[in-house]
Amino acid sequence: MLTKILGTGHYVPESRLTNNDLAGLVETSDEWISERTGIRCRHVADKETTVSMALKSAMLAIETAQIDIEQLDLIIVGTISADDLLPSTAC
């Protein structure tokens with residue numbers, strides 16, 4: 001049996017939260033956070049859900065693989081932040 005990964009996809013939420021945004025909420029600063037973590041901003045799922053982000057990632061993977069969606073045999077979804085317990089995000 002031959003198995004290949006033909007394409008991968010990714011998606012990050014549109015909304016961003018910078019260290020300066022956090023400094024407006026709690027006592028901290030961009031310098032303090034970035035020195036300790038290297039993080040300057042993070043993407044925050046505002047309108048998006050785990051499922052909607054997975055769908056956008058999957059469509060990009062299909063596009064980069066240059067295959068027709070009918071050719072798919074298997075889609076693997078892994079998450080620790082599901083929208084609901086049942087049905088699972090993978091459904």
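Here, every reference points to the structure presented above.
Residues numbered from 1 in each chain as written. Predicted model: local features only at pLDDT ≥ 70, side-chain atom pairs only at ≥ 80, totals over all residues. Heavy atoms only, no water.

1. Examining the overall build of the protein chain
Step number 1: Within the protein chain, the secondary structure is distributed over three helices and two strands.
Step number 2: Whereas a compact globule of 91 residues would reach a radius of gyration of roughly 12 Å, the protein chain reaches 18 Å, over 25% beyond that.
Step number 3: Taken along its principal axes, the extent of the C-alpha atoms in the protein chain is 55 × 30 × 20 Å.
Step number 4: Residues classed as buried in the protein chain amount to 13% of the 91 residues present.
Step number 5: Put simply, the protein chain has 7 plus and 14 minus side-chain charges, and the middle of one group is 6 Å from the middle of the other. (Helix = DSSP H or I, 4+ residues; strand = E, 2+ residues; numbered from the N terminus. Rg over C-alpha atoms; globule rule 2.2 N^0.38 Å. Buried < 20%, exposed > 50% of the residue type's maximum accessible area, 1.4 Å probe, protein only. Lys, Arg positive; Asp, Glu negative; His and termini not counted. Charge placed at Lys NZ, Arg CZ, Asp CG, Glu CD.)

2. Considering the environment of Asp30
Step number 1: Mapping Asp30 onto the fold places it in helix α2 (residues 30-37).
Step number 2: Assessed through its relative accessible area of 22%, Asp30 is described here as partly exposed.
Step number 3: Through-space distance from the C-alpha of Asp30 to that of Asp84 is 34 Å; in sequence the pair is 54 residues apart.
Step number 4: Excluding anything up to four places from it in sequence, Asp30 contacts Asn19, Asn20 and Arg40.
Step number 5: Polar side-chain contacts of Asp30 include one of 2.9 Å to the side chain of Asn19.
Step number 6: A distance of 2.9 Å separates the side chain of Asp30 from the side chain of Arg40, its partner in a polar contact. (Contact = heavy atoms within 4.5 Å. Polar contact = N/O pair within 3.5 Å; in protein donor to acceptor, adjacent residues only side chain to side chain.)

3. What to know about the side chain of Asn19
Step number 1: On the secondary structure map, Asn19 appears in helix α1 (residues 19-23).
Step number 2: A distance of 2.9 Å separates polar atoms of two side chains, one belonging to Asn19 and the other to Arg42.
Step number 3: The residues touching Asn19, leaving out its near neighbours within four places in the chain, are Asp30, Ile33, Ser34, Ile39, Arg40, Cys41 and Arg42.

4. Let's talk about a nonpolar patch on the surface
Step number 1: Among the surface-exposed residues, Leu55, Met59, Ile69, Leu72, Ile75 and Val77 lie close enough to one another that they form a single nonpolar patch of about 520 Å² accessible area.
Step number 2: With relative accessibility at 30%, the residue Leu72 sits in the partly exposed group. (Patch = residues over 30% accessible without salt bridge, like charges linked within 9 Å, V, L, I, M, F, W, Y side chains within 5 Å. Areas by Shrake-Rupley, 256 points an atom, 1.4 Å probe, with all protein chains shown as cover. Salt bridge = Lys/Arg side-chain N within 4 Å of Asp/Glu carboxyl O.)

By themselves, these are just geometric observations and shouldn't be taken as functional.
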